[in-house]
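Structural overview for review
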Amino acid sequence: MNVWIAIGVTVLGCYAVKLAGLLVPAGALERPVVKRLAALLPVALLAALTAQQTFADGQTLVLDARAAGLGAAAVALLLRAPFLLVVAAAVVVTAGVRALGA
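Since we're looking at a predicted model, the values are computed, not measured. (Residues numbered from 1 in each chain as written. Predicted model: local features only at pLDDT ≥ 70, side-chain atom pairs only at ≥ 80, totals over all residues. Heavy atoms only, no water.)

Thoughts on the overall build of the protein
Our working definition: Under the DSSP-based scheme used, a helix requires at least four consecutive residues in state H or I and a strand at least two consecutive residues in state E, with every element numbered from the N terminus. For a compact globule the rule gives 2.2 Å times the number of residues to the power 0.38, and the radius of gyration it is set against comes from C-alpha atoms. Only protein chains enter the accessibility calculation, which uses a 1.4 Å probe; a residue is then buried when its area is under 20% of its type maximum, exposed when over 50%, and partly exposed in between.
Check the secondary structure of the protein and you find 5 helices and 2 strands. Counted from the first residue to the last, the protein has its helices and strands arranged as α-α-α-β-β-α-α. At 20 Å, the protein has a C-alpha radius of gyration far larger than the 13 Å of a compact globule built from 102 residues. C-alpha atoms of the protein, sized along the principal axes, occupy 55 × 45 × 25 Å. Counting all 102 residues of the protein, 12% fall into the buried class.

Some remarks on the packing of helix 4 (residues 65-78) against helix 5 (residues 83-99)
Applied cut-off: Axis definition: a line fitted to C-alpha atoms, over the contacting stretch in the case of helices. Angles run 0 to 180 degrees between N-to-C directions. Small angles under 35 degrees read as roughly parallel and large ones over 145 as roughly antiparallel, with 65 to 115 read as roughly perpendicular and the rest as oblique. The hand of a helix crossing depends on one turn: near helix anticlockwise from the far one by less than a right angle means left-handed, and clockwise means right-handed. Residues are treated as being in contact if the distance between any of their heavy atoms lies within 4.5 Å. Side-chain classes are defined by residue name, with Ala, Val, Leu, Ile, Met, Phe, Trp, Tyr, Cys and Pro counting as nonpolar, Asp, Glu, Lys and Arg as charged, and the others, Gly among them, as polar.
For the pair helix 4 and helix 5, interaxial distance at closest approach is 8 Å and the crossing angle is 150°. Here helix 4 lies roughly antiparallel to helix 5, going by the angle between them. The two elements helix 4 and helix 5 meet at a crossing, and its hand is right-handed. Listed contacts from helix 5 to Ala65, Arg66, Ala68, Gly69, Ala72, Ala73, Ala76 and Leu77 of helix 4 are Val86, Ala89, Ala90, Val93, Thr94, Val97 and Arg98. Here the contact of helix 4 with helix 5 is built from residues that sort into 11 nonpolar, 2 polar and 2 charged.

Side note on unusual backbone geometry
Across the chain, the bulk of peptide bonds are trans and the bulk of non-glycine residues have phi less than zero. The phi torsion at Arg80 lies on the positive side, around 60°, for a residue other than glycine. The topology assignment puts Arg80 in the loop between helix 4 and helix 5.

Regarding the UniProt feature "transmembrane region" (unreviewed entry) in the protein
The condition is simple: UniProt positions are given in the numbering used here, feature names are shortened, and annotations may be inferred rather than shown by experiment.
In the UniProt entry, the feature "transmembrane region" (unreviewed entry) is given for residues 6-25, 37-55 and 67-97. Regarding residues 37-55, the helix share stands at 100% and the strand share at 0%, and the terminal C-alpha atoms are separated by 26 Å. Secondary structure across residues 67-97 divides into 87% helix and 0% strand, with the first and last C-alpha atoms of the span separated by 10 Å.

In C-alpha cells:
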C-alpha cells in the first residue's frame, strides 16, 4: 500500500508543477535572465547526471572504464566527430578497458 501512496503523491506533485508552469505570467518568461537560465539549465543538469553516473558507485567515487569512455567521447567531440561516432568511440573504449580488466 505504501507504493500506491508514493505514486499518488508523485502524480499530485507532477500535476502541481505543471499547473505552476501554466500560471507563470508570459511577461516573466520573456525576461533575458529567464531565457538565459532556461537555455543553460538543461545543459548543466545533463552534465551533472553524466558526471554522477560516470564517477559514482553508490556512496563512493570510482575511476573505472566509464571514465575512459567519457574521455574518448570528449576527444571525439573536440575533433567534431558525428554524434554516432562519438557514442561508438565511448562504447568501444569502455568495452576495451573492461576487457583488459581495468
